[in-house]
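Chains, contacts and geometry: an overview
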Amino acid sequence: MASRRVLSSLLRSSARHSPSTRAPLAFPPPPISSPRPSPTGFLLSGAVEYAVPAASLVPPSPPPTSPTAGAIGKIIDSGCVRDDAEGHLAQYQMHLAEMEAVRAGMPVVCVNHGGNEGSAVRDIHMENFTVSVGGRDLITDASVTLSFGRHYGLVGRNGTGKTSFLRHMAMHAIDGIPKNCQILHVEQEVEGDDTTALQCVLNSDIERIQLLEEEARLLSQQCTDTYAVVRKRDLEDDEETGKSNSKANGSMDKNAISKRLEEIYKRLEFIDADSAESRAASILAGLSFTPEMQRKPTKTFSGGWRMRIALARALFIEPDLLLLDEPTNHLDLHAVLWLESYLVRWPKTFIVVSHAREFLNTVVTDIIHLHGQKLTTYKGDYDTFEKTREEQLKNQKKAFESKEKARAHMQAFIDKFRYNAKRASLVQSRIKALDRMGHVDAVVNDPDYKFEFPNPDDRPGPPIISFRFHFVCGEFF
Ligand SMILES: Nc1ncnc2c1ncn2[C@@H]1O[C@H](COP(=O)(O)OP(=O)(O)OP(=O)(O)O)[C@@H](O)[C@H]1O
């Protein structure tokens, strides 16, 4: 696939230019603070995220007055750390630029009316793929199957690579994604210009727009031609020459136009063009756009509202695979509830990244868990996943402990009778058994970050701003 080839060659070149392809990037996974940390360490509804640059986590050391060997070492070290951090940041930015370049070369995702049979893409099997960002592997040797019509919630610790995974899918940079699969990743707000919000959504149905434009062109041509033919005929009648010829030409053009118009009307009917405007308007209304707002140019909206327009477009387009990254972030409660009910009825496949537990519980049918560079799919909503995972971890811990106990027991026997000739055969068989004994992975849980804030003083500090009012003749001044 061309785009994949371009991407992988770009990524290879990025790796070639990087000083160390396996080195960590500029920022570590951002620490998070959650009022409701779940046993699996996820950040859920009502939580606050903090993304702290690595440098800011290190307390500043006082400048040395007389540089001793240790101090010089420290200065050199911190210089290296800074260089390293800057290098990794540059590497990450290069990666983003490369992704943008690939994205720019990709076909625009727009409403695909297809033929009579509808979407051809059903299940998507992605096998043994790796996702790397700036030379660092975020997902390795993963395999995921997306079944048609299922709704997936993608969860995992911050910074583990959820967004990067979505980006790679959107760019068809993962083997197994069919070429004709329309994937739309709602990541950026729409550009602000003079197009109204409603028209911006409608413009994503390129076929409808083109048909309507052609219809208008043909109708106006038909009018002009009719006028021209009538006028010519009058002139010809006057002159009484070439009458039959011009008549034939006029009626031939008219016939072609009528035939094409007929085709256009048929197609417009097939794609349900008449209802497009009301469908787009109802999506925008669901996302809290009043009718007046829908008629306003996109440039008059803030970034958050333009993000809502981007979401409205995606819902209107209804791609084969919709990828949503924290869609509730820019929405008010009414819009969140509306989006929930809309997504529950979504007829195709989507993947949503969200930290909102209730939202996930409502809209998803499966959970994809990104953990330890692997992707695991669980059936059911977020709560079910959480319980299953908790159970799994408990079982894994138990199995690990009992294996370790048995191992220690055998090792103790071997150590005790190693030099005992009478028990030599028993020791040998224990050594073999120990070798044969498989390993159970130790439970590696996501690290928990804990933020502590000092208690405030009992007395409030001095006010930052104070106002004085005077009450004169029944009014405040
Ligand atoms: N602005 C940045 N500068 C440098 N590295 C970055 C930056 N943003 C992300 N990264 C790196 O890319 C990795 C993957 O980031 P990505 O956004 O895909 O993770 P994520 O799981 O979606 O995180 P989050 O839940 O915080 O959005 C991170 O671990 C981080 O190291």
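Note that this is a predicted model, so its numbers are computed, not measured.

The rules behind these values
Within each chain, residue numbers correspond to sequence positions counted from 1 in written order. Only residues with pLDDT of 70 or above have their local features reported here, since the model is predicted, and side-chain atom pairs are shown and tallied only from 80 upward, although totals for entire chains, interfaces and linings are computed over all residues. The exposure scheme places C-beta atoms from the backbone and then counts, for each residue, the other C-beta atoms within 10 Å of its own, assigning buried at 20 or more, exposed at 12 or fewer, and partly exposed in between. By definition, any uninterrupted DSSP run of H or I lasting at least four residues is a helix, any uninterrupted run of E lasting at least two residues is a strand, and each is numbered from the N terminus. Between any two strands, pairing holds if DSSP finds at least two bridges. Handedness is read with the strands pointing away from the viewer; a crossover is right-handed when the path from the first strand over the helix to the second is clockwise. Only the stretch in contact is used when a helix axis is fitted, and all axes are lines through C-alpha atoms; the angle between N-to-C directions ranges over 0 to 180 degrees. Our contact criterion uses C-beta atoms placed from the backbone: two residues qualify when those atoms are within 7 Å. Should the near helix be turned counterclockwise from the far one by less than a right angle, the crossing is left-handed, whereas a clockwise turn marks it as right-handed. Three residue categories are used. Nonpolar comprises Ala, Val, Leu, Ile, Met, Phe, Trp, Tyr, Cys and Pro, charged comprises Asp, Glu, Lys and Arg, and polar comprises the others, including Gly. We define the nonpolar core as any set of buried residues of the types Ala, Val, Leu, Ile, Met, Phe, Trp, Tyr and Cys, connected via C-beta atoms lying within 7 Å of each other. One number per residue, pLDDT, summarises how confident the predictor is, and it ranges from 0 to 100. The directions from the helix axis to the C-beta atoms form the arc being described. Roughly parallel refers to an angle under 35 degrees, roughly antiparallel to one over 145, roughly perpendicular to one between 65 and 115, and oblique to any angle outside these ranges.

What follows concerns the pairing of strand β7 (residues 321-325). Across the 5 residues that make up β7, a large majority, 4, are buried. Across 4 bridges, strand β6 (residues 183-186) lies against β7 in parallel orientation. Its bridge partner being in β7, H185 is matched across the sheet by L323. Strand direction decides the pairing type here: β7 and strand β8 (residues 349-353), joined by 5 bridges, are parallel. Counterpart to L322 in the pairing with β8 is F350. Assessed by its sense of winding, the connection that carries the chain from β7 through helix α11 (residues 333-344) to β8 is right-handed.

Here we take up the sheet that holds β6. Read from one edge to the other, the open sheet built from 6 strands follows the order β6-β7-β8-β5-β9-β10, with strand pairing classed as mixed. Of all the strands in the sheet, the pair left with one neighbour each is β6 and β10 (374-379). Across the sheet, the axes of successive neighbouring strands diverge by a mean angle of 20°, strand direction being ignored. Running at roughly 50° to strand β9 (residues 366-371), helix α13 (residues 382-417) makes contact with β5 (151-156), β9 and β10 of the sheet.

Put simply, α13 and helix α14 (residues 424-436) touch, their axes get as near as 9 Å, and they point 150° apart. Pair α13 / α14 crosses with left-handed handedness. Between α13 and α14, the contacting residues are R407, M410, Q411, F413, I414 and F417 on the first element and L426, V427, R430, I431, A433 and L434 on the second. Of the residues belonging to the contact of α13 with α14, the class tally is 9 nonpolar, 1 polar and 2 charged.

Below, the discussion takes up the environment of D441. Along the polypeptide, D441 turns up in the loop between α14 and β11 (471-472). The spatial distance from the C-alpha of D441 to the C-alpha of A399 is 9.1 Å, given a sequence separation of 42 residues.

We now examine the nonpolar core. Judged by nonpolar contacts, the single largest core of 66 residues is most densely connected at V201, L284, A312 and L323. Per-element tally for this core: the top contributor is helix α10 (residues 303-317), with 9 residues. With near-sequence residues (within four places) excluded, A312 lies in contact with V201, I283, L284 and L287.

So, on to the environment of T196. Mapped onto the elements, T196 comes out in the loop between β6 and α5 (197-202). Aside from chain neighbours lying at most four places away, what touches T196 is Q294, R295, K296 and P297.

On average, residues of the protein chain carry a pLDDT of 77, and 73% of them reach 70 or more. Across residues 9-76, confidence stays below pLDDT 50; counting only partners more than four residues off in sequence or on other chains, it has 96 contacts. Across the predicted assembly, pTM comes out at 0.68 and ipTM at 0.94.

Moving on, we get to unusual backbone geometry. With glycine set apart, most residues show a phi of negative sign, and most peptide bonds adopt trans. Of note, D141 is a non-glycine position whose phi angle comes to about 45°, a positive value. Considering the arrangement of structural elements, one finds D141 in strand β4 (residues 136-146).

What follows deals with helix α8 (residues 276-286). Turning to α8, its buried residues are A280, I283 and L284. Looking straight down α8, one finds its buried side chains confined to an arc of 100°; they lie on one side. On its buried side, α8 packs onto α5, α9 (291-294) and α10. Looking one or two residues past α8, S288 carries a phi angle of roughly 75°, positive in sign.

Moving on, we come to the packing of α8 against α10. Interaxial distance between α8 and α10 falls to 9 Å at its minimum, and their mutual angle equals 135°. If you check the angle between α8 and α10, you find them oblique. Judged by the twist between their axes, the crossing of α8 over α10 is right-handed. Here R279, A280, I283 and L284 of α8 come into contact with α10, specifically with A312, L315 and F316. Here the contact of α8 with α10 is composed, by residue class, of 6 nonpolar, no polar and 1 charged.

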